[in-house]
Amino acid sequence: MKSRSVAVWHRVATVATVVAASSAASLAGQSAVDRPTGALDGKIIYLHAGHGWTANNLGSGSWTTQRGETFEIVEDLLNQDMHTMQAESLWNAGATIVPLRPLDHQPLEVVLDNDDPGVSFSGGWNDSVSPIYFGDLGDLPYRFAATSPTETAVASYVPSFAEAGFYPVYAWTRAGSDRVEQLYRVRHAGGATEVTVDHTKVGNGLVYLGTYRFEVGVGHGVEISNRSDQPGVVIADMIRFGNGIGDIDRGGGVSGQLREDEAGLYWIEAHRGVGIPDSEYRVSSSDGTATVSAPPRWAEQMNREASGSLSDRVFLSHHSNAANTVARGVISLYNGNNNPASETPNQFLLAFLTADEINQDLPLLDADFEHPWFQRSTITLDRTDFEFGEITNTVINNEFDATIVERGFHDNQLDAELLRDPVVAEAIARSTTQGLVRFFNQIDGGQTPVAFAPVRVEGVRVTVDAVGIATVAWDMPASGLALGDPASTYRVQVSSNGLGFDAGFETTQTFATLSTPSDGSPVFVRVVATNAGGWSPPSAVVAAARGTTPVLIVDGYDRLDRFTNVRQPYFSGETDRSRVRNQNPRNGAVRAAVALHVFDSNVRIETADNDAVIAGDVVLDDYDAVFWTLGQESFGSTFEAAEQTLVDSYVQTGGNPVVSGSDIAFDLNVLNTGFLFLLNTLGALYVADDAQTDVAFGEPGTPFDGLPVGFERGLAVETYSVDSPDVIEPLGVSSSLIKYVARVAGSAAVLNPGTGGVGNTVLLAIPFETIETASTRAAVMAGLLDAVGLEVTLACPADTNGDGALTPADFNAWVLAFNTQAAACDQNGDTLCTPSDFNAWVLNFNTGCP
């Protein structure tokens, strides 16, 4: 191993403060793009998830779920996860979504009413005297502005976020005959996205504007514009960011639960506004009874039937079923058996088409599932003993059709395990969307095209040439029954931090080129497939940077199943939650690339998924080192036989792989998928499946000497939680680099030295991306590169103009980088560009360069 000597130049920063334009101002120059469009453009979906925490308001006021736990499912909670996946699928098909329970997972919230601090107005706005608005009695109701073909009036809602993160965004706007397709411009970490909502058809409650990445202190938020070709007015009332914690007291205190997990009744009540009577969402004094019909009542209240028609809106609710522990499969519900007036006009057709699409599609995907999907012969149900209150036409009044999708039986173990699988949930959401497309096509006279959005792009990889041009390539996504239609175009989306992505540029090819930053900092790319049906979910993220020392990041973590679910406390135990962003966000290359650049600004970073390596699309021998990230990959998928052969060959020819993942040794040893590869190539012995800790320390005499290495093991926010990090030990000439502080003693990292300073390998049993703090990740990456013998050149982040010297001109360059949100702004290594980077720049300037 090489030792590293560092010459420190001490400088004194001559500037104590920085005055810079807000990020909102700098973003104003960026191009904006509309949200996804597709087959459901112009369609309004009133979306609900059944049940939720409910108060016994006529008794003690205590809170409980409406359904208990069976096979680690609490229907009230898993319904909300399905609700979120369904919303994403509908959003990507172009639908306008009205959520009757909160979407996504964000415990923080900021609610900005039109007269709150953080809201400002430019142009010709007028005060309303409307009796219906969001807020408190006596508040300024809202403000309005006449439309204009060019933008002449803007209302800006800029919240003060406590933490950076992904936030669902909602708008409360009164509907009316003089409204238009109102333009909302969301300014976020990737730029700006324009969303239009037709408030002639829907309002007086929350409408979803999408989920976005927001940073702290850089002016991100929402603008309401008066730009429209339609005559009328736009309304500026309330914008909500995030979901928050329940705050309604029914006599026994607040629930203490996330709003996401409470029954829709409370979400509705919290946003009912002034001038709307309680009878618009409840008629029963019992919360347990009122929560059944509150969602359709509120949807009917929000729906302005005077504009448009029945054929451009629908009510959809997700539940799971229970019967006799034997019944399985999907059933959609309709009414009318007892009371014909309770059936909406096309309710049976809606129930049949949604259930039939799921029933026909999912058996075709059995190879991707833990158990075969059960295909039912009877897929619709109209009860003989009562009508379903959640979808009754007696409160909907022929304004839209409605159904409940009972997507499986949670009291059957096989169905329950499938329902807990996010891959199954994604397939159900996709098929439900396709069923809705077919439904609208039949009832609107064929105006809705029978077109289905593509599935996710796989096989993304990127290489960088000698002048810094990156070539991104990918595989054409699969298509056909149970999937989607073929892609017609692709959007290549770019990010400077790997979290917030721009709108992207379009291509019809399966490759694209772009320039990388001249200072060697990484750029991040993902790909979205598009067609007439809509947009696919985004691909995995790849990283690229120009430089002379070639390092390949191999992303081998594509696992997503119920075993990676978030475990949430539930009374004295735990229950499963399916939150993909906290299970596998498909961005393992991001933190690796950032750490590589921090400690070697001359690294040429390229990325490929492991399938591209197997296919020969990239050749390991082209790289001085390979960083192979496997997250929590397991069950025979950490290193397939072909991958083991390629890595063995790479090591024998002097290559230096660093391998990171929590289940690699378990997979290779316990599951017997590569015992000799673990012993001979990685030089490690498997000791235990779970270190039962989230802390490790560097071994004395190693590049990690005394370094505390903490990692995520719990409810992770920015990444995923490590369920069971392997405990390993060195074998033969191998040595331990990092030791756990654990009840189960052993190593977290092992070095297997090669010959003549090359052919070294390191196995890190902690997924690198879950290591807490950017500085620790940078230090660990430096140690890993040092351990395998890679020459490291410490970067000089304070040299923001890239001239090789530290001078006052670098301060001006940093201000420019801040105002344009350029990569050089990030001085603390957290991949973000925020005001805290100024203090980090001063520290870096004073510390100097190596």
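Predicted model, so just to flag it, every value in this text is computed and none were measured.

**Structural notes on the overall build of the protein chain**
A count of helical and extended segments in the protein chain gives 16 helices and 44 strands. In terms of overall dimensions, the protein chain has C-alpha extents of about 85 × 65 × 55 Å along its principal axes. Put simply, the protein chain has 850 residues, and 62% of those count as buried. For the protein chain, the proportion of contacts with a sequence separation of at least 24, taken over those separated by at least 6, is 74%. The protein chain carries 48 positive and 104 negative side-chain charges, and their two centres are separated by 3 Å.

**Side note on the nonpolar core**
By size, the foremost hydrophobic cluster in this structure holds 115 residues, and its most contacted members are Tyr46, Ile239, Phe241 and Trp373. Broken down by element, this core gets its largest block of residues, ten residues, from helix 8 (residues 422-443). With 76 residues, the next largest nonpolar core counts Phe524, Ala543, Phe704 and Ala749 among its residues.

**Quick notes on empty space enclosed by the protein**
Here the structure, examined in full by the defined rule, presents three cavities of 30 Å³ or more. Counted as a void, the largest cavity has a volume near 60 Å³. Lining of the largest cavity is provided by Val98, Pro99, Leu100, Gly205, Leu206, Trp267, Ile268, His271, Trp298 and Met302. Partitioned by chemical class, the residues of the lining of the largest cavity number eight nonpolar, two polar and no charged.

**Remarks on the sheet that holds strand 2 (residues 44-49)**
The six strands lie next to each other as 7-2-20-23-21-22, forming an open sheet whose pairing is mixed. Each edge of the sheet is formed by a strand with only one pairing partner; in this case those strands are strand 7 (96-99) and strand 22 (380-381). Bridging between strand 21 (residues 331-333) and strand 22 involves two bridges; their strand directions are parallel. Pairing of Ser332 across the sheet is with Thr380, part of strand 22.

**Some thoughts on helix 2 (residues 75-92)**
With 18 residues, helix 2 should cover 26 Å at 1.5 Å per step; its first-to-last C-alpha distance of 26 Å lies within 8% of that length. For helix 2, a buried count of 16 out of 18 residues is recorded, marking the element as mostly surrounded by other parts of the structure. A positive backbone phi angle near 100° is found at Gly94, which sits one or two residues after helix 2.

**Regarding the sheet that holds strand 11 (residues 143-146)**
Taken in spatial order, the three strands line up as 10-11-18 in an open sheet, and their pairing is antiparallel. Lying at the two open borders of the sheet, with one neighbouring strand each, are strand 10 (126-127) and strand 18 (233-236). Pairing of strand 11 with strand 18 involves four bridges; the strand directions are antiparallel. Each residue of the ladder has a partner; that of Ala146, found in strand 18, is Val233.

**Here we look at the pattern of salt bridges**
By the definition in use, this model includes 43 salt bridges. Between Asp312 and Lys201 there is a salt bridge, with its nearest N and O atoms 3.4 Å apart. With Asp312 in the loop between helix 4 (287-302) and strand 20 (313-321) and Lys201 in the loop between strand 15 (191-198) and strand 16 (206-214), this pair connects stretches of sequence that are 111 residues apart. We note that Asp312, like Lys201, is buried. Glu574 serves as the salt-bridge partner of Arg567, at 3.6 Å between the closest nitrogen and oxygen. The exposure class of Arg567 is partly exposed, given its relative accessible area of 28%. A relative accessible area of 39% places Glu574 in the partly exposed class. One continuous salt-bridge network, built from bridges that share partners, spans Glu151, Arg185, Arg187, Glu194, Glu223 and Arg227.

**Focus: a negative patch on the surface**
A cluster of like negative charges, contributed by Glu458, Asp558, Asp611 and Glu640, occupies part of the molecular surface. Take Glu458: it is sitting in the loop between helix 8 and strand 24 (461-464).

**A word on the pairing of strand 34 (residues 573-577)**
Across five bridges, the pairing between strand 33 (residues 566-570) and strand 34 is antiparallel. Looking across to strand 34, one finds that Val566 is bridged to Arg577. Here strand 33 hands over to strand 34 after two residues, with Phe571 in that stretch at a positive phi of 50°.

**Considerations on a nonpolar patch on the surface**
Nonpolar side chains collect at one region of the surface, where Phe563, Phe635, Val670 and Leu671 lie side by side and expose about 360 Å² of accessible area between them. Secondary-structure assignment places Phe635 in the loop between strand 36 (625-629) and helix 11 (641-652).

**What about the state of the cysteines?**
All told, the structure shown has one disulfide when counted by the stated rule. A disulfide bridge connects Cys825 with Cys833, and the sulfur atoms are separated by 2.1 Å. Judged by the sign of its S-S torsion, about 95°, the cystine formed by Cys825 and Cys833 is right-handed. As far as the burial class goes, Cys825 and Cys833 line up, both buried.

What counts as what
- Residues numbered from 1 in each chain as written.
- Predicted model: local features only at pLDDT ≥ 70, side-chain atom pairs only at ≥ 80, totals over all residues.
- Heavy atoms only, no water.
- Helix = DSSP H or I, 4+ residues; strand = E, 2+ residues; numbered from the N terminus.
- Buried < 20%, exposed > 50% of the residue type's maximum accessible area, 1.4 Å probe, protein only.
- Contact = heavy atoms within 4.5 Å.
- Lys, Arg positive; Asp, Glu negative; His and termini not counted.
- Charge placed at Lys NZ, Arg CZ, Asp CG, Glu CD.
- Core = buried A, V, L, I, M, F, W, Y, C linked by side-chain atoms within 4.5 Å.
- 1 Å grid on protein atoms, 1.4 Å probe; cavity = no way out; pocket = protein on both sides within 12 Å on 5 of 7 lines; lining within 4 Å.
- Points joined across faces, edges and corners; volume = space filled by probe spheres on them.
- Nonpolar A, V, L, I, M, F, W, Y, C, P; charged D, E, K, R; others polar.
- Pairing = 2+ DSSP bridges.
- Expected span 1.5 Å × (residues − 1).
- Salt bridge = Lys/Arg side-chain N within 4 Å of Asp/Glu carboxyl O.
- Patch = residues over 30% accessible without salt bridge, like charges linked within 9 Å, V, L, I, M, F, W, Y side chains within 5 Å.
- Areas by Shrake-Rupley, 256 points an atom, 1.4 Å probe, with all protein chains shown as cover.
- Disulfide = S-S within 2.5 Å.

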